[in-house]
Amino acid sequence: MTALPLTKWENKERFTSSAQAYRERLIASLPTQSILSNQLLNSYPLGSDVSKVPETSGLLSQRQIEITNLDATDILSRIANKTYSAEEVTLAFGLRAAIAHQLVSCLTELWLEDALVRARELDAYLAEHGKVCGPLHGLPISLKDQIAIKGRVTSLGYLSLHEQAKPSETTAALAEILQNAGAIFYCHTTLPQSIMHLECESFWGRTLNPFNTSLTSGGSSGGEGALVAMRGSPLGIGTDIGGSVRSPAANCGLYGLRPTAQRIPNAGSKTYVPGRDSILGVIGPLTHSLRDVELFMDVVLSHRSAPWVVDPSYLPLPWRGPSQLSLDKKSRKKIKVGVMWTDGEVRPTRPIRRAMEGLVQKLKENEEEFEVVEFQPYKSRDAWYIIRQLYFVDGGRRVKDLTCNSETKETLHPLTDWLLNDAGTKPVDDITDTHKLWELNVVRETYRAEYSLHWNSQHVDVVLCPVAPYPAPPHGEAKWWSYTSLWNLVDYPGFAFPSGLVVDPELDKETESYTPLNEDDELVYTSYAPERFANAPISLQLVAKKYRDEDVVEALARIEELIKR
């Protein structure tokens, strides 16, 4: 097969030829036993559900299908009791990842043979010692192409960086923790140009949503979202500075946690703007189950791992396990859930409202466990203005130096151009005056203080809200970040989770008249038609206050009991 075709925005001759060459090289590196025929690929036009193609392609054995349909917790249990070997688990996920890439364009590199060497070493350890080497013994984990691995190239979705990139001499701190716990790394996944889209398109191509390929997988950890949803990975690692874990998790029907900043170590992870700390990016997991998120957090923030010892900038705050929210039913406290139906700027579309209404009704029917109150939004437009300026205090100069002003002459993606120029009342400022940056940081801290008072005044444990005003949107249309970026600005942990519903063209018709509040609201309202979003997973978000990551996880565990009834 050949790489997926270039899209319209890639219109510079050198950029086009170089990008296509790298894509073709990646396809050529895939295992021969994973290659899909052009006839099969052509039978799935844009808009198809390709999520089950790996299982129906005939390229995986029934045992490999069985393995890849398990969550990480089950896989670890079965490796430990020798039902499966680490080698066969790694091979199964490596092959399924290769198949997935041909369908949704989610990889930047696959190093399956090296991963199998590591898997055999772990199998030998288990055979010799009769025990696993750590809590993640033999688990394949995929990584967004920001997480450095020794000997692997990380180029952040920029062609100019990829052409100059050399294999990393070090491994990121988080990856070292996971590796020491027994994890096996085998691939890097796609991210968008600038790493600043809730979409996933770069010189590597456009990453597609497995459940409807005319929709986006989300971003910026969109490669992880697509790969995990395709069951090409049991657990993926993404990053989040404005929604980049929660967006792909929501679009692809997964669990995705954005932890409080400075809990999960990100030393050694790559960024195109080192030193930017006005808004901190964080690392978070994308998984198939809630318990796998807990597994990840428990391993990384255990006393054994102790990332705060290696890097004192991180909080000495181990994962605390079950809280008062999750004790046995007789002693655990009632959870007070604030429901934020809208951010006050852009109303959610019908599928999101349907999922919210259904869950809120279930919460209200279980009044012995939950108290439900309205949660009022607070200055969402101001929050977007502040965080957008903090993202690009250089006015976008660094992004342009790596794209249109670089030797590769990489064209600015429309969403990159929109974010720099048209995503607010005016283009982002180039704040060359140090005092102006200080002033902007004061504005940020003032908003954080105001929001804390606002939250406290409503006396809630957690807030239930949308992840976005829509399910996974068509490519290029993800232009309202407020439902996720707000929580980055105030640094509250946010957890995207599947509602168990998908968009239904009949159930999700807009039947009531509505007058949009502003241009952004009007764009979302007028572009919505349920047929465009058909089969998209519908996800929601749960949020707690800063450092209350355990509470948001445990509250979701109790809410999930209702969802599954």
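Each remark here, short or long, concerns the structure printed above.
Conventions adopted
Residues numbered from 1 in each chain as written. Predicted model: local features only at pLDDT ≥ 70, side-chain atom pairs only at ≥ 80, totals over all residues. Heavy atoms only, no water. Helix = DSSP H or I, 4+ residues; strand = E, 2+ residues; numbered from the N terminus. Rg over C-alpha atoms; globule rule 2.2 N^0.38 Å. Buried < 20%, exposed > 50% of the residue type's maximum accessible area, 1.4 Å probe, protein only. Contact = heavy atoms within 4.5 Å. Lys, Arg positive; Asp, Glu negative; His and termini not counted. Charge placed at Lys NZ, Arg CZ, Asp CG, Glu CD. Phe/Tyr/Trp six-rings, centres within 6.5 Å; stacked < 30°, edge-to-face > 60°. Salt bridge = Lys/Arg side-chain N within 4 Å of Asp/Glu carboxyl O. Pairing = 2+ DSSP bridges.

Caption draft 1: Broad picture of the overall build of the chain. Along the backbone of the chain there are 21 helices and 13 strands. Relative to a compact globule of 565 residues, whose C-alpha radius of gyration would be 24 Å, the chain shows 22 Å and is just as compact. Principal axes of the C-alpha set define a box for the chain whose edges measure 65 × 55 × 55 Å. Per-residue burial over the chain gives 59% buried out of 565 residues. The contacts of the chain with a sequence gap of at least 6 include a subset with a gap of at least 24, amounting to 80%. Between the mean site of the 59 positive side-chain charges and the mean site of the 71 negative ones, the chain shows a separation of 2 Å.

Caption draft 2: Local environment of the packing of aromatic side chains. Within the structure shown, the criterion is met by 19 aromatic pairs. Relative to Phe392, the ring of Tyr391 has its centre 6.2 Å away and its plane inclined at 75 degrees; by these criteria the two rings are edge-to-face. According to the relative accessible area criterion, Tyr391 is buried, its value standing at 3%. Taking the centre distance of 5.9 Å and the plane angle of 50 degrees together, the rings of Tyr391 and Trp481 count as tilted.

Caption draft 3: A look at the environment of Leu412. Secondary-structure assignment places Leu412 in the loop between α16 (397-402) and α17 (414-422). Take Leu412: its relative accessible area is 17%, and that puts it in the buried class. Between the alpha carbons of Leu412 and Leu402 there is a distance of 9.8 Å; along the sequence they are 10 residues apart.

Caption draft 4: A look at unusual backbone geometry. In the segment running from Gly219 into Ser220, the intervening peptide bond is cis, with an omega of 5 degrees. Mapped onto the secondary structure, Ser220 falls in the loop between β5 (205-206) and α10 (222-229). Positive phi is not limited to glycine here, since Ser194 has a value of about 80 degrees. Here Ser194 lies in the loop between β3 (184-189) and β4 (201-202). Phi angles above zero are rare outside glycine, and Lys379 is one such case at about 45 degrees. Positionally, Lys379 belongs in the loop between β10 (370-374) and α15 (380-391). On the basis of relative accessible area, Lys379 is assigned to the partly exposed category, the value being 42%.

Caption draft 5: Representation of the pattern of salt bridges within the structure. Enumeration over the complete set of coordinates arrives at 30 salt bridges. Arg444 is the partner of Glu445 in a salt bridge, and the nearest nitrogen-oxygen pair spans 2.8 Å. Linking Arg448 and Glu445 is a salt bridge whose minimum nitrogen-to-oxygen distance equals 2.9 Å. Here Arg448 and its partner Glu445 are both found in helix α18 (residues 434-458), three residues apart, which amounts to about one turn of the helix. Each of the salt bridges in this network shares a partner with another, and the network as a whole consists of Arg263, Arg320, Asp549 and Glu550.

Caption draft 6: Focus on the pairing of strand β8 (residues 282-287). In terms of burial, β8 is a largely internal element, six of the six residues being buried. Covered by surrounding structure in β8 are Val282, Gly284 and Leu286 together with Ile283, Pro285 and Thr287, the residues of both alternating faces. Where strand β6 (residues 235-240) and β8 come together, six bridges link them in antiparallel fashion. From the neighbouring strand, Gly236 faces β8, where its bridge partner is Leu286. Pairing between strand β7 (residues 255-258) and β8: two bridges, direction antiparallel. What sits directly across from Tyr255, in β8, is Thr287.

Caption draft 7: Seen up close, the pairing of strand β12 (residues 494-502). As paired strands, β7 and β12 are joined by three bridges and run antiparallel to one another. Within β12, the residue paired with Leu257 across the bridge is Phe495. As paired elements, β12 and strand β13 (residues 537-543) share seven bridges and run antiparallel to each other. When the bridges of β13 are listed, Leu501 appears paired with Ile538.

Caption draft 8: Local environment of helix α19 (residues 482-490). Burial of α19 is extensive: nine of the nine residues sit out of reach of the surface. For α19, every residue scored as buried is listed here: Ser482, Tyr483, Thr484, Ser485, Leu486, Trp487, Asn488, Leu489 and Val490. Once α19 ends, the next one or two residues include Asp491, with phi positive near 60 degrees.

That is the geometry; function is a separate question.
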